[in-house]
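# Breakdown of the fold
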Amino acid sequence: MDSAPRRRSARPFAALRPADVPVALVTGATSGIGLEFARALAADGYHLVLVARTLPRLEETADLLEDEFGVPVRVLSADLASEQGIATVVAFIGHERVDVVVNNAGYGLPYSALRSDPAELAALDRVLNVAVQQISWHAAQRMLERGRGGIITVSSMAALTTMGAYAAAKSAAMVFTENLAGELAGTPVTATAVLPGYVHTEFHDRMRVDMSKLPSVAWVDARTVAREGLADARAGKAVSVPGLQYKIAYLIAQTAPRPLIRGVSSGFRAVRMTRRSRRRPS
Ligand SMILES: NC(=O)c1ccc[n+]([C@@H]2O[C@H](COP(=O)([O-])OP(=O)(O)OC[C@H]3O[C@@H](n4cnc5c(N)ncnc54)[C@H](OP(=O)(O)O)[C@@H]3O)[C@@H](O)[C@H]2O)c1
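A brief look at the structure comes next.

Rules used in this analysis
Residues numbered from 1 in each chain as written. Predicted model: local features only at pLDDT ≥ 70, side-chain atom pairs only at ≥ 80, totals over all residues. Heavy atoms only, no water. Helix = DSSP H or I, 4+ residues; strand = E, 2+ residues; numbered from the N terminus. Buried < 20%, exposed > 50% of the residue type's maximum accessible area, 1.4 Å probe, protein only. Contact = heavy atoms within 4.5 Å. Areas by Shrake-Rupley, 256 points an atom, 1.4 Å probe, with all protein chains shown as cover. 1 Å grid on protein atoms, 1.4 Å probe; cavity = no way out; pocket = protein on both sides within 12 Å on 5 of 7 lines; lining within 4 Å. Points joined across faces, edges and corners; volume = space filled by probe spheres on them. Expected span 1.5 Å × (residues − 1). Axes fitted to C-alpha atoms, helices over the stretch in contact; angles between N-to-C directions. Parallel < 35°, antiparallel > 145°, perpendicular 65-115°, else oblique. Nonpolar A, V, L, I, M, F, W, Y, C, P; charged D, E, K, R; others polar. Pairing = 2+ DSSP bridges.

A few words now on the overall build of the protein. Helices and strands together make up the secondary structure of the protein, namely nine helices and nine strands. Counting every position in the protein, which comprises 282 residues, the buried fraction comes to 51%. Restricting to contacts in the protein with at least 6 residues of sequence separation, those with at least 24 account for 72%. Roughly 13,000 Å² of accessible area belongs to the protein as shown, and the carbon and sulfur atoms make up 57% of that amount.

Right, dumping it as C-alpha coordinates:
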(Lines give C-alpha, C1' and ligand atoms only; values in the text may rest on other atoms or scores of the structure.)
Protein backbone atom coordinates (compact mmCIF):
# COMPACT_ATOMS: atom_id res chain seq x y z
CA MET A 1 0.00 0.00 0.00
CA ASP A 2 1.25 3.49 -0.75
CA SER A 3 2.12 5.72 2.14
CA ALA A 4 3.40 9.16 2.91
CA PRO A 5 6.96 9.12 4.25
CA ARG A 6 6.82 7.63 7.79
CA ARG A 7 9.43 7.80 10.52
CA ARG A 8 11.69 10.07 8.49
CA SER A 9 8.84 12.45 7.64
CA ALA A 10 8.35 13.60 11.22
CA ARG A 11 10.42 16.67 10.48
CA PRO A 12 10.15 18.59 7.21
CA PHE A 13 13.21 17.71 5.13
CA ALA A 14 14.21 21.36 4.97
CA ALA A 15 14.79 21.29 8.74
CA LEU A 16 17.42 18.59 8.27
CA ARG A 17 19.70 20.46 5.90
CA PRO A 18 21.09 23.84 5.05
CA ALA A 19 19.34 25.37 2.02
CA ASP A 20 22.25 24.67 -0.33
CA VAL A 21 22.61 20.93 0.38
CA PRO A 22 21.32 19.08 -2.69
CA VAL A 23 18.56 16.47 -2.47
CA ALA A 24 18.21 13.41 -4.72
CA LEU A 25 15.12 11.24 -5.12
CA VAL A 26 15.81 7.71 -6.41
CA THR A 27 13.05 5.27 -7.37
CA GLY A 28 13.74 1.56 -6.97
CA ALA A 29 16.50 2.50 -4.54
CA THR A 30 16.48 -0.60 -2.32
CA SER A 31 18.39 -2.90 -4.66
CA GLY A 32 20.72 -3.15 -7.65
CA ILE A 33 21.24 -0.13 -9.87
CA GLY A 34 19.03 2.22 -7.81
CA LEU A 35 20.92 1.39 -4.62
CA GLU A 36 24.23 2.18 -6.37
CA PHE A 37 22.85 5.52 -7.61
CA ALA A 38 21.77 6.28 -4.04
CA ARG A 39 25.23 5.30 -2.71
CA ALA A 40 27.06 7.42 -5.29
CA LEU A 41 24.83 10.43 -4.62
CA ALA A 42 25.17 10.03 -0.82
CA ALA A 43 28.97 9.82 -1.24
CA ASP A 44 28.75 13.19 -3.01
CA GLY A 45 26.86 14.66 -0.03
CA TYR A 46 23.31 14.49 -1.40
CA HIS A 47 20.49 14.03 1.06
CA LEU A 48 18.29 11.21 -0.16
CA VAL A 49 14.66 10.27 -0.72
CA LEU A 50 14.28 6.56 -1.49
CA VAL A 51 11.21 5.23 -3.30
CA ALA A 52 10.11 1.57 -3.63
CA ARG A 53 7.11 -0.57 -2.64
CA THR A 54 8.46 -2.52 0.35
CA LEU A 55 8.52 -0.30 3.43
CA PRO A 56 10.64 -2.48 5.79
CA ARG A 57 13.31 -2.79 3.11
CA LEU A 58 13.17 0.95 2.46
CA GLU A 59 13.74 1.58 6.18
CA GLU A 60 16.64 -0.92 6.27
CA THR A 61 18.25 0.69 3.21
CA ALA A 62 17.80 4.16 4.68
CA ASP A 63 19.50 3.05 7.94
CA LEU A 64 22.34 1.47 5.96
CA LEU A 65 22.96 4.60 3.89
CA GLU A 66 22.67 6.93 6.89
CA ASP A 67 25.25 4.81 8.75
CA GLU A 68 27.57 4.52 5.74
CA PHE A 69 27.49 8.13 4.56
CA GLY A 70 26.11 10.18 7.46
CA VAL A 71 23.47 11.88 5.30
CA PRO A 72 19.77 12.10 6.19
CA VAL A 73 17.61 9.66 4.22
CA ARG A 74 13.84 9.64 3.88
CA VAL A 75 11.64 6.95 2.43
CA LEU A 76 8.48 6.97 0.33
CA SER A 77 6.59 3.72 -0.08
CA ALA A 78 4.85 3.84 -3.47
CA ASP A 79 3.83 1.28 -6.07
CA LEU A 80 4.56 3.02 -9.37
CA ALA A 81 2.26 0.60 -11.17
CA SER A 82 -0.64 2.46 -9.54
CA GLU A 83 -1.91 5.99 -10.17
CA GLN A 84 -1.86 6.57 -6.42
CA GLY A 85 1.80 5.52 -6.21
CA ILE A 86 2.80 7.89 -9.00
CA ALA A 87 0.72 10.66 -7.36
CA THR A 88 2.57 10.10 -4.05
CA VAL A 89 5.92 10.80 -5.70
CA VAL A 90 4.57 13.70 -7.77
CA ALA A 91 3.08 15.29 -4.62
CA PHE A 92 6.43 14.97 -2.83
CA ILE A 93 8.21 16.70 -5.71
CA GLY A 94 5.51 19.40 -5.61
CA HIS A 95 6.11 20.37 -1.99
CA GLU A 96 9.78 19.54 -1.30
CA ARG A 97 12.90 20.61 -3.15
CA VAL A 98 14.44 17.82 -5.20
CA ASP A 99 17.59 18.63 -7.20
CA VAL A 100 18.18 15.24 -8.83
CA VAL A 101 15.57 12.64 -9.79
CA VAL A 102 16.66 9.13 -10.77
CA ASN A 103 13.80 7.24 -12.46
CA ASN A 104 15.09 3.73 -11.92
CA ALA A 105 12.33 1.48 -10.50
CA GLY A 106 11.53 -1.40 -12.80
CA TYR A 107 11.25 -5.07 -13.50
CA GLY A 108 10.80 -7.42 -16.44
CA LEU A 109 8.01 -9.85 -17.25
CA PRO A 110 8.78 -13.56 -16.98
CA TYR A 111 6.73 -14.35 -20.10
CA SER A 112 6.52 -13.12 -23.67
CA ALA A 113 3.92 -10.43 -24.47
CA LEU A 114 1.34 -12.90 -25.79
CA ARG A 115 1.71 -15.14 -22.73
CA SER A 116 1.29 -12.23 -20.32
CA ASP A 117 -2.06 -10.83 -19.18
CA PRO A 118 -3.03 -7.47 -20.68
CA ALA A 119 -3.18 -6.17 -17.08
CA GLU A 120 0.46 -7.22 -16.58
CA LEU A 121 1.46 -5.38 -19.77
CA ALA A 122 -0.37 -2.25 -18.61
CA ALA A 123 1.23 -2.37 -15.14
CA LEU A 124 4.69 -2.76 -16.68
CA ASP A 125 4.09 0.24 -18.93
CA ARG A 126 2.98 2.35 -15.95
CA VAL A 127 6.15 1.58 -13.96
CA LEU A 128 8.66 1.81 -16.82
CA ASN A 129 7.06 4.56 -18.88
CA VAL A 130 4.02 6.43 -17.46
CA ALA A 131 5.64 6.95 -14.02
CA VAL A 132 8.84 8.15 -15.71
CA GLN A 133 6.94 10.70 -17.82
CA GLN A 134 4.79 11.98 -14.96
CA ILE A 135 7.62 12.27 -12.44
CA SER A 136 10.01 13.80 -15.00
CA TRP A 137 7.42 16.36 -16.15
CA HIS A 138 6.70 17.57 -12.61
CA ALA A 139 10.37 17.50 -11.62
CA ALA A 140 11.36 19.49 -14.72
CA GLN A 141 8.78 22.22 -13.97
CA ARG A 142 10.02 22.63 -10.38
CA MET A 143 13.68 22.50 -11.40
CA LEU A 144 13.16 25.16 -14.07
CA GLU A 145 11.47 27.42 -11.47
CA ARG A 146 14.44 27.00 -9.14
CA GLY A 147 17.04 27.26 -11.88
CA ARG A 148 18.84 23.95 -11.42
CA GLY A 149 18.35 20.21 -11.50
CA GLY A 150 18.98 16.91 -13.23
CA ILE A 151 16.69 14.10 -14.34
CA ILE A 152 18.16 10.66 -14.96
CA THR A 153 16.07 7.83 -16.40
CA VAL A 154 17.38 4.29 -16.28
CA SER A 155 16.19 2.85 -19.58
CA SER A 156 17.97 -0.18 -21.08
CA MET A 157 19.88 -1.42 -24.11
CA ALA A 158 16.65 -3.37 -24.67
CA ALA A 159 15.15 -0.01 -25.74
CA LEU A 160 17.07 -0.43 -29.02
CA THR A 161 15.50 -3.84 -29.69
CA THR A 162 12.04 -5.26 -30.32
CA MET A 163 12.17 -7.60 -27.30
CA GLY A 164 8.59 -7.45 -26.06
CA ALA A 165 6.58 -5.06 -23.91
CA TYR A 166 9.66 -4.38 -21.77
CA ALA A 167 11.59 -3.07 -24.78
CA ALA A 168 8.58 -1.02 -25.90
CA ALA A 169 8.24 0.69 -22.51
CA LYS A 170 11.99 1.24 -22.15
CA SER A 171 12.08 2.71 -25.65
CA ALA A 172 9.25 5.12 -24.79
CA ALA A 173 11.05 6.22 -21.60
CA MET A 174 14.31 6.68 -23.51
CA VAL A 175 12.70 8.77 -26.27
CA PHE A 176 10.74 10.85 -23.74
CA THR A 177 13.96 11.59 -21.86
CA GLU A 178 15.92 12.40 -25.04
CA ASN A 179 13.14 14.78 -26.03
CA LEU A 180 13.25 16.39 -22.57
CA ALA A 181 17.00 16.85 -22.98
CA GLY A 182 16.29 18.72 -26.22
CA GLU A 183 13.53 20.86 -24.69
CA LEU A 184 15.75 21.69 -21.72
CA ALA A 185 18.81 22.58 -23.81
CA GLY A 186 20.06 26.02 -22.84
CA THR A 187 18.49 25.82 -19.36
CA PRO A 188 20.27 24.81 -16.13
CA VAL A 189 18.23 21.57 -16.03
CA THR A 190 19.42 18.36 -17.73
CA ALA A 191 17.79 15.06 -18.70
CA THR A 192 19.77 11.87 -19.36
CA ALA A 193 18.64 8.41 -20.42
CA VAL A 194 20.95 5.67 -19.12
CA LEU A 195 21.03 2.46 -21.17
CA PRO A 196 22.54 -0.41 -19.18
CA GLY A 197 23.18 -3.82 -20.71
CA TYR A 198 23.07 -6.90 -18.48
CA VAL A 199 23.67 -6.02 -14.82
CA HIS A 200 23.96 -8.41 -11.84
CA THR A 201 21.06 -7.35 -9.58
CA GLU A 202 17.84 -8.99 -8.37
CA PHE A 203 16.24 -8.24 -11.75
CA HIS A 204 16.73 -11.65 -13.41
CA ASP A 205 16.05 -13.63 -10.19
CA ARG A 206 12.72 -11.83 -9.86
CA MET A 207 11.93 -12.92 -13.43
CA ARG A 208 13.16 -16.45 -12.66
CA VAL A 209 15.50 -16.42 -15.65
CA ASP A 210 18.70 -18.45 -15.44
CA MET A 211 21.46 -16.17 -16.71
CA SER A 212 24.37 -18.42 -15.67
CA LYS A 213 25.37 -19.19 -19.28
CA LEU A 214 25.69 -15.56 -20.32
CA PRO A 215 29.40 -14.81 -20.97
CA SER A 216 31.08 -12.53 -18.45
CA VAL A 217 31.78 -9.92 -21.18
CA ALA A 218 28.02 -9.27 -21.36
CA TRP A 219 27.83 -8.07 -17.75
CA VAL A 220 28.34 -4.57 -16.39
CA ASP A 221 28.30 -4.01 -12.64
CA ALA A 222 25.67 -1.79 -11.04
CA ARG A 223 28.30 0.53 -9.54
CA THR A 224 29.73 1.23 -13.02
CA VAL A 225 26.22 1.98 -14.34
CA ALA A 226 25.62 4.52 -11.56
CA ARG A 227 29.10 6.07 -11.78
CA GLU A 228 29.04 6.48 -15.58
CA GLY A 229 25.37 7.51 -15.60
CA LEU A 230 26.02 10.29 -13.09
CA ALA A 231 29.18 11.45 -14.89
CA ASP A 232 27.31 11.64 -18.21
CA ALA A 233 24.38 13.46 -16.57
CA ARG A 234 26.81 16.01 -15.09
CA ALA A 235 28.33 16.43 -18.55
CA GLY A 236 24.83 17.23 -19.86
CA LYS A 237 24.63 14.19 -22.15
CA ALA A 238 21.19 13.11 -23.39
CA VAL A 239 22.18 9.42 -23.50
CA SER A 240 24.60 7.45 -21.33
CA VAL A 241 25.72 3.93 -22.25
CA PRO A 242 27.81 2.41 -19.43
CA GLY A 243 30.56 -0.07 -20.34
CA LEU A 244 32.80 -0.14 -23.44
CA GLN A 245 31.15 -3.27 -24.89
CA TYR A 246 27.73 -1.60 -24.80
CA LYS A 247 29.06 1.70 -26.18
CA ILE A 248 30.16 -0.33 -29.23
CA ALA A 249 26.82 -2.19 -29.37
CA TYR A 250 24.98 1.16 -29.18
CA LEU A 251 26.93 2.52 -32.15
CA ILE A 252 26.22 -0.64 -34.18
CA ALA A 253 22.51 -0.50 -33.30
CA GLN A 254 22.33 3.10 -34.61
CA THR A 255 23.27 1.94 -38.10
CA ALA A 256 21.79 -1.59 -38.19
CA PRO A 257 18.78 -2.08 -40.50
CA ARG A 258 15.53 -2.58 -38.60
CA PRO A 259 14.86 -6.08 -40.00
CA LEU A 260 18.23 -7.15 -38.59
CA ILE A 261 17.30 -5.69 -35.17
CA ARG A 262 14.01 -7.65 -35.31
CA GLY A 263 15.85 -10.85 -36.27
CA VAL A 264 18.43 -10.53 -33.48
CA SER A 265 15.65 -9.69 -30.99
CA SER A 266 13.73 -12.85 -31.97
CA GLY A 267 16.92 -14.88 -31.47
CA PHE A 268 17.46 -13.43 -27.98
CA ARG A 269 13.82 -14.06 -27.10
CA ALA A 270 14.12 -17.72 -28.12
CA VAL A 271 17.29 -18.18 -26.03
CA ARG A 272 15.61 -16.52 -23.04
CA MET A 273 12.60 -18.83 -23.29
CA THR A 274 14.90 -21.88 -23.03
CA ARG A 275 16.73 -20.37 -20.05
CA ARG A 276 13.62 -19.64 -18.04
CA SER A 277 13.24 -22.13 -15.21
CA ARG A 278 9.45 -21.89 -15.06
CA ARG A 279 7.03 -21.65 -17.97
CA ARG A 280 3.47 -20.45 -17.92
CA PRO A 281 1.33 -23.30 -19.25
CA SER A 282 -0.06 -22.47 -22.69
N1 LIG B 1 19.59 -5.73 -14.23
C2 LIG B 1 19.65 -5.54 -15.55
O3 LIG B 1 20.25 -6.37 -16.30
C4 LIG B 1 19.07 -4.29 -16.18
C5 LIG B 1 19.47 -3.96 -17.48
C6 LIG B 1 18.95 -2.81 -18.06
C7 LIG B 1 18.07 -2.01 -17.37
N8 LIG B 1 17.69 -2.36 -16.11
C9 LIG B 1 16.74 -1.48 -15.43
O10 LIG B 1 17.36 -0.99 -14.25
C11 LIG B 1 16.36 -0.62 -13.30
C12 LIG B 1 16.72 -1.17 -11.94
O13 LIG B 1 16.67 -2.60 -12.01
P14 LIG B 1 17.65 -3.55 -11.19
O15 LIG B 1 18.34 -4.40 -12.18
O16 LIG B 1 18.46 -2.76 -10.23
O17 LIG B 1 16.56 -4.46 -10.46
P18 LIG B 1 16.29 -4.87 -8.93
O19 LIG B 1 17.58 -5.21 -8.25
O20 LIG B 1 15.24 -5.92 -9.00
O21 LIG B 1 15.70 -3.53 -8.25
C22 LIG B 1 14.42 -3.05 -8.60
C23 LIG B 1 14.02 -1.92 -7.67
O24 LIG B 1 12.78 -1.36 -8.15
C25 LIG B 1 11.78 -1.40 -7.12
N26 LIG B 1 10.48 -1.62 -7.76
C27 LIG B 1 10.10 -2.68 -8.52
N28 LIG B 1 8.82 -2.55 -8.91
C29 LIG B 1 8.37 -1.37 -8.40
C30 LIG B 1 7.12 -0.69 -8.42
N31 LIG B 1 6.03 -1.21 -9.03
N32 LIG B 1 7.00 0.51 -7.78
C33 LIG B 1 8.08 1.03 -7.13
N34 LIG B 1 9.28 0.43 -7.05
C35 LIG B 1 9.43 -0.77 -7.68
C36 LIG B 1 12.25 -2.57 -6.21
O37 LIG B 1 11.77 -2.47 -4.87
P38 LIG B 1 10.32 -3.11 -4.42
O39 LIG B 1 10.26 -4.48 -5.01
O40 LIG B 1 10.32 -3.06 -2.92
O41 LIG B 1 9.29 -2.19 -4.98
C42 LIG B 1 13.75 -2.36 -6.24
O43 LIG B 1 14.12 -1.32 -5.35
C44 LIG B 1 15.03 -1.13 -13.87
O45 LIG B 1 14.33 -0.08 -14.47
C46 LIG B 1 15.47 -2.14 -14.93
O47 LIG B 1 14.50 -2.28 -15.93
C48 LIG B 1 18.17 -3.48 -15.50
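Right, let's get into the side chain of Thr 61. Structurally, the position occupied by Thr 61 is in helix α2 (residues 55-69). Contact partners of Thr 61, with chain neighbours within four places excluded, come to Ala 29, Thr 30, Leu 35 and Leu 50.

A few words now on empty space enclosed by the protein. Within the structure shown, the criterion is met by one cavity of 30 Å³ or more. Estimated volume of the largest cavity: approximately 60 Å³. Every residue along the wall of the largest cavity is listed here: Thr 27, Leu 80, Asn 103, Asn 104, Ala 105, Val 127, Leu 128, Ala 131, Val 132, Ile 135, Val 154 and Lys 170. Broken down by element, the lining of the largest cavity gets its largest block of residues, five residues, from helix α4 (residues 118-146).

Our next topic: the layout of surface pockets. Roughly 220 Å³ of volume is contained in the second largest pocket. For the second largest pocket, the lining is made up of 13 residues, of which Tyr 46, Val 100, Gly 149, Gly 150 and Arg 234 are closest to its centre. Those elements that place two or more of their residues in the lining of the second largest pocket are β5 (149-154) and α7 (222-234).

This brings us to helix α5 (residues 164-184). The terminal C-alpha atoms of α5 lie 30 Å apart, and with 21 residues this matches the ideal 30 Å at 1.5 Å per residue to within 8%. Looking only at α5, the buried set comprises Tyr 166, Ala 167, Ala 169, Lys 170, Ala 173, Met 174, Phe 176, Thr 177, Leu 180, Ala 181 and Leu 184. In this structure, the buried side of α5 is in contact with α4, β5, β6 (189-194) and α6 (203-207). In the stretch just after α5, Gly 186 is the one whose phi turns positive, near 90°.

Moving on, we come to the packing of α4 against α5. Running from N to C, α4 and α5 point in directions that differ by 10°, and their axes come no closer than 8 Å. It follows from the interaxial angle that α4 and α5 lie roughly parallel. Along the contact surface, α4 presents Leu 121, Leu 124, Asp 125, Leu 128, Asn 129, Val 132, Gln 133, Ser 136 and Leu 144, while α5 presents Ala 165, Tyr 166, Ala 169, Lys 170, Ala 172, Ala 173, Phe 176, Thr 177, Leu 180 and Leu 184. Tallied by class, residues from the contact of α4 with α5 come to 13 nonpolar, four polar and two charged.

Reading across from one edge, β3-β2-β1-β4-β5-β6-β9 is the order of the seven strands in this open sheet, with parallel pairing throughout. The two strands at the open ends of the sheet, each matched to only one other strand, are β3 (73-77) and β9 (239-240). Here strand β1 (residues 23-27) pairs with strand β4 (residues 100-103) via three bridges, running parallel. If you follow Leu 25 over to β4, its bridge partner there is Val 101. Relative to β1, helix α1 (residues 32-43) is tilted by about 170°, and along the sheet it contacts β1, β2 (47-52), β4, β5 and β6. Sheet contacts for helix α3 (residues 83-95): β1, β2, β3 and β4; angle to β3, the most-contacted strand, approximately 145°.

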